[in-house]
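What follows is each chain in one-letter form.
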Amino acid sequence: MEDSLPGSVPFWLDPKKRAIMFQIAVFAMVGLLAYYLVSNTLINLKKQSIATGFSFFHKESSFEIGESLISYSAASSYGRALIVGALNTLKVSFIGIVITVILGAILGVARLSSNWLVSRLSSIYIEVMQDIPILLQLFFWYAMFYETFPGPRQALSPINGLFLCNRGVAFTVPAANPAHKYMFLSLILACVVAYVIRRWAKKRQDETGKIFPVFSISIGLIIGTPLVTWLFFGAPTKMDIPKLVGFNFTGGITLSPEFISILLGLILYTAAFVAEAVRAGIQSVSKGQREAAMAIGLRPPLVLNLVILPQALRVIIPPLTSQMLNLTKNSSLAVAIGYPDFVSVANTTINQTGQSIEGVALIMALYLIFSLSTSAFMNWYNKRVALVER
Amino acid sequence: MEESIQRTQTDELKPSVTSVGAIGWARSNLFNGVFNSILTIVTLYLLWEIIPPLFQWAFIDSVWHTTGKACRGIDGACWSIIPTNLRFIIFGFFPYESQWRPLLAMFILFGLLFYSRDRKHWTKYLGYGWIAGLFVMGLLMKGGLFGLTPVESTQWGGLPLTLLLSVFGLTAAYPLGVVLALGRQSKMPGVKWLSVIYIELIRGVPLISLLFMSSIIFPLFLPEGITINKILRAQVAIILFTAAYIAEVVRGGLQGMSRGQYEAAESMGLNYYLTMRLVILPQALKIVIPPTVSILISAFKDTSLVVIIALYDVLKTTQSVLSNPEWMGFSREAYIFVAILYFLGCFSMSNFSRKLEKELSAGEQQ
């Protein structure tokens, strides 16, 4: 027996070669499985004479969609129907996220309140809502709508200009006026200016230590500028009040029962999780931080702004983003109560064209885009706020 | 030196009445400061507006044992919908005379879960007990042996189906999740990227898209003539979905291991498999028990999504009772009942998770 030289180790004992062999084996297995499934699928598709590809995008959809942000009719194409669905998903997710964050923050702070009653009620809410499936909550709110509210003719009107009936909620909005467009533009302008001021103030504070009241001035700008624009256009106050015509309300804005149920369900469910994230974030800042900040003479608003919030937000933002993503993914349950979101439209498309693979692939692709862009944002944010260890 | 300590007789000063007892408690917890006092009063007013009418509706004006027709005229809750249809809501289309079998299976499951609560009972024998228990439960549901009449799995439904999907989902997803987590930590780039792609892909899409896939695409994947029943397909979708989430949780545990553990195992001459099995995984998996329980909770809640692909879980059976003309319009009562079922399940699990977290962190501190 000769001592084997390092070069002559049998390949199954050389870790590097073994790793390569192992990976080849894994890829071969995955590849074989994929080949098996794809070939079966192709045979089946041929047998059932189902078309493949995305050519159905241009065909006439011939189904109606209850609510849509862009013009759509049954004569429009499948492609347009899917865009309508994606916009509806974005609409419910965006409004849902904004309200959820506000409600969740309030609940999270209430959970830590020194007021026993408030903190107890908030913790009961959080526990109960987290423990009931979102789908059940959606069904509950949807059924509530139909079983509680009367028909449009007997619509409830708790305050002037607001009507509740089983066809939806109709409420008064200011009548369309060119001023609104300019008010919106001035709002965006105000936000940009506020952002610039914030950067300048931070730079100045870093250099000179002088503090600029950024918050109150920003709020003033953001509320004030559109208000000034509104006054400049002669303060139009004409209102568009919903009126009962036939069986439905016209004028104002009518929100469908489906939209309200899905929005309510998503908000009430996700807010409980957001509240937990907010609570954990606030609790993660140790008491010493607040005491130290007060000891060096910062006033309470500054303690919150400069010491507590930057540290708490670092803990709150990651779970908060994942909850926003969860809300967006859960909005796909809209299909169960008939709100025309992307999944629901894609489902109808699948049923009509039979092209289930393309349909499900589209659903997955859309949500993947959402979640990949969210995690890209998260990585960027984490890098930005990561503790710089010295 | 006795004199140096003066024992003077003084009256013990009692705290004022307003700072102890119920009044003191209320003062320091409900009425400390103007803002809190206003908050308390507003909250109390809201509770006064909500609770008594709700109580009146649920308990005083309600009826419990009537027909659907008798419910129509009353103001209160019609709880009659629950006892009258209880067996259908709980067991779905399982043959009526054999419904003791799923009931017994559920009792075995609850018994095992209850016994497993205590960490002192976590031994090899409990593992065998679970395997035997799962086998007996499967036998009770499926029948066909020992004179039990066979029941097609298409007839399974209600609460047993919900429990089956979540318990089997987690048990099967767990090993897969561990493998994926190890794959993601692997030094082999091919294995690593396959695991990363799988995990991120699954976590990026909603469960409903996987369920659609299982119900409408999966039959296309199989050669002609082979069909797999709907429940199993949904079960596979749930397993694939849950595994990705477990992988992320386990990865957290693996990352929590100090490098010294790997080095110590290596210096003992253990190979990769033994290092993982004897050193790393036992510690890592212990750390991640609490987050694993929260995954079990979400898996339990997520099984309700099978309603959308028309499986008769406990939510779907409730809905089909509600579509019966006799009981139409009593959704409130029915959904509240199902919500209570889910709440009890999730609440006991999250309580257990909290208790376990406390025990485990106490162990760390010793």
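Residues numbered from 1 in each chain as written. Chains lettered and ligands numbered in written order. Predicted model: local features only at pLDDT ≥ 70, side-chain atom pairs only at ≥ 80, totals over all residues. Heavy atoms only, no water.

## Quick notes on the overall build of chain B
So, step 1. Looking only at helices and strands, one finds 15 helices and zero strands in chain B.
So, step 2. The C-alpha radius of gyration of chain B comes to 28 Å, more than 25% above the 21 Å expected for a compact globule of 366 residues.
So, step 3. Each principal axis of the C-alpha distribution contributes one length, and for chain B these read about 100 × 80 × 45 Å.
So, step 4. Partitioning the contacts of chain B with sequence separation of at least 6, the portion at a separation of at least 24 is 66%.
So, step 5. Carbon and sulfur atoms form 67% of the exposed surface of chain B, whose accessible area is close to 20700 Å².
So, step 6. Charge-centre separation for chain B: the mean point of 28 positive side chains lies 7 Å from the mean point of 22 negative side chains. (Helix = DSSP H or I, 4+ residues; strand = E, 2+ residues; numbered from the N terminus. Rg over C-alpha atoms; globule rule 2.2 N^0.38 Å. Contact = heavy atoms within 4.5 Å. Areas by Shrake-Rupley, 256 points an atom, 1.4 Å probe, with all protein chains shown as cover. Lys, Arg positive; Asp, Glu negative; His and termini not counted. Charge placed at Lys NZ, Arg CZ, Asp CG, Glu CD.)

## Considerations on a nonpolar patch on the surface
Residues and elements named next belong to chain A.
So, step 1. Together, Tyr182, Phe184, Leu185, Ile188, Val192, Tyr195, Val196, Phe232 and Phe233 make up a nonpolar patch on the protein surface, roughly 950 Å² of accessible area in all.
So, step 2. When residues in the nonpolar patch are grouped by element, the largest group, seven residues, is from helix α5 (residues 178-208).
So, step 3. Tracing the backbone shows Tyr195 in helix α5. (Patch = residues over 30% accessible without salt bridge, like charges linked within 9 Å, V, L, I, M, F, W, Y side chains within 5 Å. Salt bridge = Lys/Arg side-chain N within 4 Å of Asp/Glu carboxyl O.)

## As for the sheet that holds strand β2 (residues 168-171) of chain A
Residue and element names in this part refer to chain A.
So, step 1. Reading across from one edge, β1-β2-β7 is the order of the three strands in this open sheet, with antiparallel pairing throughout. One side of each edge strand has no neighbouring strand; the edge strands of this open sheet are β1 (162-165) and β7 (253-255). Strand-to-strand, the axes of this sheet are offset by a mean angle of 15 degrees, without reference to chain direction.
So, step 2. Where β2 and β7 come together, three bridges link them in antiparallel fashion. Of the residues in β7, the one forming a bridge with Phe171 is Ile253. (Pairing = 2+ DSSP bridges. Axes fitted to C-alpha atoms, helices over the stretch in contact; angles between N-to-C directions.)

## Considering the confidence of the model for chain B
So, step 1. Looking at chain B as a whole, the pLDDT averages 81, with 95% of positions reaching at least 70.
So, step 2. The least confident element of chain B, judged by mean pLDDT, is helix α3 (residues 68-71) of chain B at 70; the most confident is helix α10 (residues 230-255) of chain B at 88. (pLDDT = per-residue confidence, 0-100.)

## Regarding the pairing of β1(A)
Every other side chain in a regular strand lies on the same face of the sheet, so the side chains alternate between the two faces.
Residues and elements named next belong to chain A.
So, step 1. Taken together, the four bridges between β1 and β2 define a ladder with antiparallel strand orientation. Bridge pairing in β2 places Leu164 opposite Val169.
So, step 2. In this antiparallel pair of consecutive strands, β1 and β2, the connection spans two residues.

## Focus on unusual backbone geometry
All names here are of chain B.
So, step 1. Positive phi, normally seen in glycine, also occurs at Ala310, with a value near 60 degrees.
So, step 2. Its location among the elements puts Ala310 in the loop between α13 (289-302) and α14 (314-322).
So, step 3. A relative accessible area of 37% means that Ala310 is categorised as partly exposed. (Buried < 20%, exposed > 50% of the residue type's maximum accessible area, 1.4 Å probe, protein only.)

## Quick notes on helix α9 (residues 300-330) of chain A
So, step 1. Here α9(A) contains 31 residues, and its C-alpha end-to-end distance of 39 Å is more than 12% below the 45 Å for a straight helix at 1.5 Å per residue.
So, step 2. The principal kink in α9(A), of about 45 degrees, is found at A:Ile308, preceding the proline A:Pro310 by one to four residues. (Expected span 1.5 Å × (residues − 1). Bend = angle between axes of the 7 residues up to and from the residue.)

## Focus on the domain arrangement of chain B
All names here are of chain B.
So, step 1. Domains assigned within chain B are domain 1 (23-60), domain 2 (81-94 + 151-365) and domain 3 (96-150).
So, step 2. Taken over C-alpha atoms, the centre of domain 2 sits 19 Å from the centre of domain 3.
So, step 3. Taken together, the contact between domain 2 and domain 3 spans 20 residues of the former and 18 residues of the latter.
So, step 4. The interface formed by domain 2 and domain 3 holds zero salt bridges in total.
So, step 5. Linking domain 2 with domain 3 are zero residue pairs in polar contact (both at pLDDT 80 or more), by the criterion used here.
So, step 6. Elements supplying a minimum of two residues to the side of domain 2 that touches domain 3: α4 (81-91), α7 (158-185) and α15 (331-365).
So, step 7. Split by residue class, the side of domain 2 that touches domain 3 holds 14 nonpolar, two polar and four charged. (Domains from an automatic or database assignment. Polar contact = N/O pair within 3.5 Å; in protein donor to acceptor, adjacent residues only side chain to side chain. Nonpolar A, V, L, I, M, F, W, Y, C, P; charged D, E, K, R; others polar.)

## Thoughts on the interface of chain B and chain A
So, step 1. The partner chain A presents 53 residues to the 56 residues of chain B that form the contact.
So, step 2. Of the roughly 4600 Å² buried at the junction of chain B and chain A (both faces included), carbon and sulfur atoms supply 72%.
So, step 3. For the pair chain B and chain A, the interface holds one salt bridge.
So, step 4. For A:Glu127, the salt bridge goes to B:Arg354, with nearest N and O atoms at 3.4 Å.
So, step 5. Only α1 (21-29), α2 (34-60), α8 (189-204), α9 (207-221), α14 and α15 of chain B provide two or more residues apiece to the side of chain B that touches chain A.
So, step 6. Per element, the largest residue contribution to the side of chain B that touches chain A is 12 residues, and it comes from α15(B).
So, step 7. Its residues assigned to classes, the side of chain B that touches chain A shows 37 nonpolar, 13 polar and six charged. (Buried area = accessible area lost by both parts, 1.4 Å probe.)

## Section: the packing of aromatic side chains
So, step 1. Following the criterion strictly, the structure yields 12 aromatic pairs over all chains and no others.
So, step 2. On the numbers, 6.3 Å between centres and 75 degrees between planes, the contact of B:Tyr125 with B:Tyr128 is edge-to-face. In this pair, B:Tyr125 and B:Tyr128 are both assigned in helix α6 (residues 124-142), three residues apart and thus about one turn of the helix distant.
So, step 3. Since its relative accessible area comes to 49%, B:Tyr128 is described here as partly exposed.
So, step 4. Three or more aromatic residues joined by ring pairs make a cluster, and in this case those are A:Phe377, A:Trp380 and A:Tyr381.
So, step 5. One cation-aromatic arrangement involves B:Lys316 over B:Tyr312; the distance from NZ or CZ to the ring centre is 6.0 Å. (Phe/Tyr/Trp six-rings, centres within 6.5 Å; stacked < 30°, edge-to-face > 60°. Lys NZ or Arg CZ within 6 Å of the ring centre and 35° of its normal.)

## Comments concerning the environment of B:Ile289
So, step 1. In this structure, B:Ile289 sits in helix α13.
So, step 2. The residues contacting B:Ile289, other than those within four sequence positions of it, are B:Trp122, B:Leu356 and B:Leu360.

## Quick look at the packing of α9(A) against helix α12 (residues 356-385) of chain A
All names here are of chain A.
So, step 1. Closest axis-to-axis distance for the α9/α12 pair is 10 Å, and the angle between their directions is 175 degrees. Between α9 and α12, the crossing angle belongs to the class labelled roughly antiparallel. Note on element contacts: α12 touches α9 through Tyr367, Phe370, Ser371, Thr374, Phe377, Met378, Tyr381, Asn382 and Val385, opposite Leu313, Arg314, Ile317, Pro318, Thr321, Leu325, Thr328 and Lys329.
So, step 2. Each residue belonging to the contact of α9 with α12 can be placed in one class, and the counts come to 10 nonpolar, five polar and two charged. (Parallel < 35°, antiparallel > 145°, perpendicular 65-115°, else oblique.)

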